[in-house]
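# Close look at the chain arrangement
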Amino acid sequence: MRIAGVALPTGRARATGDEIAIGVRAWVDSPPLRALVDRFGGDRPAGDLAAVLAALDDFSARHWDFRGGRERPEAREPFLDPTTAALVMAAADALGLVRPAPPAAPRYAHLVVLGGLAHACLRRVRYAAHLLRHGPTVTGEVAVLGSFRPLSEVERGVLAAAGLTGGTEVDVLDAAVRRAFGVAVPVEEDGHDGGHPHHWWSSRTYRPPGLPPVRVLAAPSSEPALRRAHTADTQRFWAGHVVLRPGDPVLMVTAPIYVPFQHCDALRTLAVPYGCGIDTVGVDPALPDLAALPEPTLTPGRYLQEIRSAIRSMRALHAVLG
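Residues numbered from 1 in each chain as written. Predicted model: local features only at pLDDT ≥ 70, side-chain atom pairs only at ≥ 80, totals over all residues. Heavy atoms only, no water.

## Let's talk about unusual backbone geometry
Threshold: Only DSSP runs of H or I covering at least 4 residues are called helices, and only runs of E covering at least 2 are called strands; the numbering of each starts at the N terminus. When a residue's accessible area, from a 1.4 Å probe over protein chains only, is under 20% of the maximum for its type it is buried; when over 50% it is exposed; and in between it is partly exposed.
With a phi close to 65 degrees, R14 is a non-glycine residue in the positive phi region. By secondary structure assignment, the location of R14 is in the segment before α1 (17–28). Residue class for R14 comes out exposed when judged on its relative accessible area of 56%.

## Some details on the nonpolar core
Our working rule: Residues belong to a common nonpolar core when they are buried Ala, Val, Leu, Ile, Met, Phe, Trp, Tyr or Cys residues joined through side-chain atoms within 4.5 Å. We call two residues contacting when some pair of their heavy atoms lies within 4.5 Å.
If you look at the biggest cluster of nonpolar residues, it comprises 59 residues, and the most contacted ones within it are W27, W64, W238 and I307. With residues up to four places along the chain from it excluded, the contact list for W238 reads H110, V112, E141, A143, L145, L217, L244, V250 and L270. With 40 residues, the next largest nonpolar core counts F148, L151, L159 and V214 among its residues.

## A few points about the environment of P136
Structurally, P136 is set in the loop between α5 (118–134) and β3 (137–138). P136 sits in the buried class, given a relative accessible area of 9%. Sequence separation between P136 and L217 is 81 residues; the distance between their C-alpha atoms is 22 Å. Setting aside chain neighbours within four positions, we find P136 in contact with P103, A105, P106, R107, Y108, L131 and L251.

## Regarding the confidence of the model for the protein
Cut-off, in case you're wondering: Residue-level confidence of the predictor is what pLDDT reports, using numbers from 0 through 100.
Of all residues in the protein, 94% attain a pLDDT of 70 or more, and the chain-wide mean is 89. Within the protein, the lowest mean pLDDT, 83, falls on strand β5 (residues 188–192), and the highest, 98, falls on strand β1 (residues 107–108).

## Observations regarding the sheet that holds strand β8 (residues 249–254)
For the record, the criterion: Whether two strands pair comes down to DSSP finding at least two bridges between them. In this analysis an axis means a line fitted to C-alpha atoms, helices contributing only their contacting stretch, and an angle means the value between N-to-C directions, from 0 to 180 degrees.
The sheet built from seven strands is open, its strands ordered β5-β6-β7-β4-β2-β8-β9 with mixed pairing. Either end of the sheet is taken by a strand with one partner, and the two such strands are β5 and β9 (277–282). Pairs of neighbouring strands in the sheet enclose a mean axial angle of 15 degrees, with direction left out of account. Summarising the sheet, β5 and strand β6 (residues 201–206) pair through five bridges and their orientation is antiparallel.

See the structure below:
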């Protein structure tokens, strides 16, 4: 089953709020998303864009939230009949969560690698190194963004299998940078121990020969009493450490399944306040460089969860456009 693809909201530099909102509306009104809502017994939301996003947020919370506030690896997998599972996979593909796309431009001001689970950190850093050696030119810096989230036992096993050690997400990112870029010692190092991991931050900058500087940055939480740092926190924190100018094109690297939600997070935290451009790409699993690195099996339940994440990210984005 194939459904026509749907473009994400524009990441063009200096895009207006109206232009971004048109893209949000097109995504949430698209036939693939409407087909999913229909399949799970919902009605097509009506009203202005804010009302449609609120209705979809509420609907997806009831039908597609399998985390219940837990970390992604702890989400339950729903039972779906074969027809529904096939529709979910086709819709996820059309909505931009499945197939990787190459960077759209030949040159970027900065390349940003988003952290995640241990296997994702290893793959994304390796893919970033591949892009720098074989893909677009980066004139500024490479920013590898994470947090002090403790690793699970499964993640520690992934690290051990790769011959690495570490206790937090930023440890994995740092180890991955050292290995992928062939560096051993940072040329600059800074940070702050705020008494609790939600307050901590750290910055390490490496200078691999012939490549842009690579900064490994761990952000504090913007709501330390409630949670650890999330993607938007890391993006804002990085923007405060680099000279981000209007018109700068920024390339974001994540996994394909997270492209829609993390693209919209980047529009909200970087493009809207700074006027920069955002191009968000997912790691290409077909590259030989990535063949030896672990990749989890992505299920229909995982895709539904991240379609919900995209809806919530678009709702947050729309709230700042006015």
